[in-house]
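# Structure assessment
The lines below spell out each chain.
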Amino acid sequence: SEIVNKGGAEGKIYSVKDKPNLVAKIFHSKQKSSSNRKKLEAMLHNPPVFPPVSKDGEEYVQIAWPVAILEDEKSFCVGYLMPLIDMKKAVSLDHLIQKAIRKKLELPEKYAYRIFAAYNTASMVAALHKSGHYIVDLKPSNVYVYKDTMMVAMLDCDGFSIKGEYNNRFPAEF
């Protein structure tokens, strides 16, 4: 495995050998192994529903939602697997705002494209809320837009406020 992204405050992102469509987020610390596991289990049991999106035979991942918990040899929760979002095909949401950056990155200049990206972002937030999850810290660096379709991909989902079973809630970390 090689590092794909230095990640944020919680962990680093690594490629997964023999699984090119997945990446692993490995937490920096094992101190919160138990609370991390409970939150991840709630995420696995109550994923938001996003229909698969494809264009010209290519599927677009819309959310980096956990698909499996990773454990070490002592059964500590050390991270999780999630779908790979191809960052070469996407830009962070803030890149759509400034005309000079759009031009530099050769992004579409049509106003309708930005409206479509805004609509897709709002649809993602609505689907998360419908599942009982809250983003809490919606920021452009965690919302990526695919350059060719204006479809949106959400990152850093383990930082969301997550609805668990029996109206239990796992708060957002930051």
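Look a little higher up for the structure.
Keep in mind it's a predicted model, so treat the numbers as computed, not measured. (Residues numbered from 1 in each chain as written. Predicted model: local features only at pLDDT ≥ 70, side-chain atom pairs only at ≥ 80, totals over all residues. Heavy atoms only, no water.)

Of note in the backbone geometry, Ser 75 takes a positive phi value of approximately 65° without being a glycine. The backbone of Asp 156 sits at a positive phi, close to 60°, despite the residue not being glycine. Within the element layout of this structure, Asp 156 appears in the loop between strand S10 (152-154) and strand S11 (162-163). (Helix = DSSP H or I, 4+ residues; strand = E, 2+ residues; numbered from the N terminus.)

Right, let's talk about the pairing of strand S7 (residues 77-83) for a bit. Across the 7 residues that make up S7, a large majority, 7, are buried. Here strand S3 (residues 22-27) runs beside S7; their pairing, made up of 5 bridges, is antiparallel. By the bridge assignment, Val 23 is partnered in S7 with Met 82. Between strand S6 (residues 68-71) and S7, which pair antiparallel in sequence order, lie 5 residues; one of them, Ser 75, sits at a positive phi of approximately 65°. (Buried < 20%, exposed > 50% of the residue type's maximum accessible area, 1.4 Å probe, protein only. Pairing = 2+ DSSP bridges.)

A separate point is the pattern of salt bridges. Inspection of every chain in the model, using the stated rule, returns 8 salt bridges. Lys 89 serves as the salt-bridge partner of Asp 86, at 4.0 Å between the closest nitrogen and oxygen. A single salt-bridge network, built from bridges that share partners, covers Lys 25, Asp 156 and Asp 158. (Salt bridge = Lys/Arg side-chain N within 4 Å of Asp/Glu carboxyl O.)

Here the idea is plain: a probe the size of a water molecule rolls over the atoms and shows the empty space left. Evaluation of the coordinates by the stated rule reveals 1 cavity of 30 Å³ or more. Counted as a void, the largest cavity has a volume near 80 Å³. Surrounding the largest cavity, Glu 10, Phe 27, Asn 36, Lys 39, Leu 40, Asp 158 and Glu 173 form its lining. The element that contributes the greatest number of residues to the lining of the largest cavity is helix H1 (residues 33-45), accounting for 3 residues. When its residues are assigned to classes, the lining of the largest cavity shows 2 nonpolar, 1 polar and 4 charged. (1 Å grid on protein atoms, 1.4 Å probe; cavity = no way out; pocket = protein on both sides within 12 Å on 5 of 7 lines; lining within 4 Å. Points joined across faces, edges and corners; volume = space filled by probe spheres on them. Nonpolar A, V, L, I, M, F, W, Y, C, P; charged D, E, K, R; others polar.)

Mapped onto the secondary structure, Arg 37 falls in helix H1. By relative accessible area, which is 19% here, Arg 37 ends up buried. Residue contacts for Arg 37: discarding those within four places in its chain leaves Ile 69, Glu 71, Ser 75, Phe 76 and Cys 77. (Contact = heavy atoms within 4.5 Å.)

Helix length check: H1, at 13 residues, gives a terminal C-alpha distance of 18 Å against a target of 18 Å (1.5 Å per residue), a fit within 8%. By the burial criterion, the buried members of H1 are Ser 33, Asn 36, Arg 37, Lys 39, Leu 40, Ala 42 and Met 43. Tucked inside the fold, the buried residues of H1 contact S3, S6, S7, S11 and strand S12 (169-170). (Expected span 1.5 Å × (residues − 1).)

By size, the foremost hydrophobic cluster in this structure holds 40 residues, and its most contacted members are Ile 63, Trp 65, Leu 128, Tyr 146, Met 154, Phe 160 and Ile 162. Counting only elements with at least two residues in this core, the list comes to S3, H1, S7, strand S8 (90-92), helix H3 (111-130), strand S9 (143-146) and S10. Sort the elements by how many residues they give to this core and H3 lands first, with 5 residues. (Core = buried A, V, L, I, M, F, W, Y, C linked by side-chain atoms within 4.5 Å.)

Before going further, it helps to examine the packing of aromatic side chains. Under the defined criterion, the tally for this structure stands at 2 aromatic pairs. With 6.1 Å between their ring centres and 55° between their planes, Phe 27 and Tyr 80 make a pair best called tilted. Of this pair, Phe 27 sits in strand S3 while Tyr 80 sits in strand S7, placing them 53 residues apart in sequence. On the basis of an interplanar angle of 75° and a centroid distance of 4.8 Å, the ring pair of Tyr 60 and Tyr 146 is categorised as edge-to-face. Taken together, the residues Tyr 60 in strand S5 (residues 58-60) and Tyr 146 in strand S9 connect sequence positions 86 residues apart. (Phe/Tyr/Trp six-rings, centres within 6.5 Å; stacked < 30°, edge-to-face > 60°.)

Function-wise, these values are silent; they only describe arrangement.
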